[in-house]
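Coordinate inspection notes
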Amino acid sequence: MTDTPGLLGTPLAWTPPARPAGPQMERAGNGSQGPGPLFLTSPLARGVSGVFVWAALVLTGHQIYLHLRSYTVPHEQRYIIRLLFIVPVYAFDSWLSLLLLGGHQHYIYFDSVRDCYEAFVIYSFLSLCFQYLGGESAIMAEIRGKPVRTSCFHGTCCLRGMTYSIGFLRFCKQATLQFCIVKPIMALVTIVLQAFGKYHDGDFNVRSGYLYITLVYNASVSLALYALFLFYSATRELLQPFEPVLKFLTIKAVIFLSFWQGLLLAILERCGVIPEVQVIDGSTVGAGTVAAGYQNFIICIEMLFASIALRYAFTCQVYSEKTESSPAPSAPMQSISSGLKETMSPQDIVQDAIHNFSPAYQKYTQQATQEAPRPGAHPSPDGGPGGGRKGRNVEKRMLIPAEEL
């Protein structure tokens, strides 16, 4: 009778099904200790980011269409449309980077395109402010000879006793144009270093290219934004009717938020807060790639709010009112497409670079004039001499000696 409980107890403690439980527990234990699934590659993350991205694209696309349909002030709206395109470029590039997140760093190529357009945006914003005020010659006529306002907030405390001159405007343009040159070069260097395994996001090692590219980029963008501060400090009363603060803060928020949050994620990755994570397909990605993935996910969300802010900052109401008061009919689709092509042409950047960096033009200011259409002329479908797009969008530039202002 004493053997029976023992015989009964033994099978209960050592049944054959219990033998494979050890390996199962080991596999479960290893799975819990190893890298877990990555949220960024889950359908939820991709779906949420996709909804925000496409909502931002629809809002911004509609606003761009409204500006092209009421393309009544081309020398201003050209830069406004360029600024609005920051949402599609940032949002779509970030979403593609998120969809292709994995062992290979595809996001490097998409981020390079996004960063190059960032330089384009800073230049376009300063050029828009120039156009609001009538161009270089009109600005010089207003501020030439006036003392520089000294302010620690605007970074002019070291300019005490100086007066505004043509050299001041030249510096503002040169500081933004240098970013348009430096940024594409840094993007190309990043791609080359990444191909040779010398670039990793968040790696501040002196042997890694990330440290040096970050330093050069930070110095270049800081100089460009400092020039914007200087220009605003000199012309804030003149720009007051155009609500420059809202426009400037909106553009600056899009650019600086993406930069500083990316740098913060890189620091968190360096501190070990963001560890290596295993992707669903089984491949393991580095912590720097994971940090860049979170950066792209955040940008996808932010772009919807940026599109709403830009809609209020760069409203097309004032331009559409001019269209309604004009006897000319609305622009046809062919004319809209030609306006879009003209908007994205970099020809004005090349002209500005030549004018601002060439020693032959250092004593001259530019004055742009728009050729007005002939009385009674109406837009023609082909934009020809009948007064269409070309008839009202012929821009002539002339040089005026600074001494004559």
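Residues numbered from 1 in each chain as written. Predicted model: local features only at pLDDT ≥ 70, side-chain atom pairs only at ≥ 80, totals over all residues. Heavy atoms only, no water.

A word on the UniProt feature "transmembrane region" (unreviewed entry) in the chain
Within the UniProt annotation, "transmembrane region" (unreviewed entry) is assigned to residues 44-68, 80-100, 120-141, 175-197, 209-233 and 245-268. Helix makes up 86% of residues 120-141 and strand 0%, and the two end C-alpha atoms of the span are 28 Å apart. (UniProt positions renumbered as here; feature names shortened; annotations may be inferred. Helix = DSSP H or I, 4+ residues; strand = E, 2+ residues; numbered from the N terminus.)

As for empty space enclosed by the protein
Taken as a whole and judged by the stated rule, the model has three cavities of 30 Å³ or more. Every residue lining the second largest cavity is listed: Phe125, Cys129, Leu228, Phe231, Tyr232, Leu239, Pro244 and Phe248. For the lining of the second largest cavity, the secondary-structure elements that each account for two or more residues are α6 (107-132), α9 (209-239) and α10 (244-270). With four residues, the single largest contributor to the lining of the second largest cavity is α9. Residues belonging to the lining of the second largest cavity are distributed by class as follows: eight nonpolar, no polar and no charged. (1 Å grid on protein atoms, 1.4 Å probe; cavity = no way out; pocket = protein on both sides within 12 Å on 5 of 7 lines; lining within 4 Å. Points joined across faces, edges and corners; volume = space filled by probe spheres on them. Nonpolar A, V, L, I, M, F, W, Y, C, P; charged D, E, K, R; others polar.)

Re the pattern of salt bridges
All chains considered together, the criterion is met by three salt bridges. Between lysine 173 and aspartate 352 there is a salt bridge; the shortest N-O distance is 2.8 Å. Taken together, the residues span a long stretch of sequence, with lysine 173 in helix α8 (residues 166-195) and aspartate 352 in helix α14 (residues 347-357) at a distance of 179 residues. There is no split in this pair, since lysine 173 and aspartate 352 are both buried. Residue arginine 236 pairs with glutamate 237 through a salt bridge whose shortest N-O separation is 3.9 Å. You can call arginine 236 partly exposed: its relative accessible area is 28%. Residue class for glutamate 237 comes out partly exposed when judged on its relative accessible area of 48%. (Salt bridge = Lys/Arg side-chain N within 4 Å of Asp/Glu carboxyl O. Buried < 20%, exposed > 50% of the residue type's maximum accessible area, 1.4 Å probe, protein only.)

Structural notes on helix α4 (residues 74-84)
With 11 of 11 residues buried, α4 is to be regarded as a mostly interior element. Among the residues making up α4, those that are buried are Pro74, His75, Glu76, Gln77, Arg78, Tyr79, Ile80, Ile81, Arg82, Leu83 and Leu84.

Focus: the environment of valine 273
Following the sequence through the fold, valine 273 ends up in the loop between α10 and β1 (277-278). The exposure class of valine 273 is exposed, given its relative accessible area of 55%.

Quick notes on the packing of aromatic side chains
In the structure shown here, the tally under the stated rule is 12 aromatic pairs. Each residue in the set Trp54, Phe92 and Trp95 is aromatic and connected to the rest through ring pairs, giving one cluster. The ring of phenylalanine 130 has lysine 173 lying over it, and the distance from NZ or CZ to the ring centre is 4.4 Å. When the ring centre of phenylalanine 314 is taken as reference, the NZ or CZ atom of lysine 247 above it lies at 5.6 Å. (Phe/Tyr/Trp six-rings, centres within 6.5 Å; stacked < 30°, edge-to-face > 60°. Lys NZ or Arg CZ within 6 Å of the ring centre and 35° of its normal.)

Remarks on the packing of α8 against α14
Direction vectors running N to C along α8 and α14 enclose 130°, while the axes themselves pass 10 Å from each other. Comparing their axes, α14 and α8 come out oblique. Viewed along their axes, α8 and α14 form a crossing whose handedness is left-handed. In contact with Arg170, Lys173, Gln174, Leu177 and Gln178 of α8, α14 contributes Ile349, Asp352, Ala353, His355, Asn356 and Phe357. For the contact of α8 with α14, the residue count by class is four nonpolar, four polar and three charged. (Axes fitted to C-alpha atoms, helices over the stretch in contact; angles between N-to-C directions. Parallel < 35°, antiparallel > 145°, perpendicular 65-115°, else oblique. Left-handed = near helix turned anticlockwise from the far one by under 90°. Contact = heavy atoms within 4.5 Å.)

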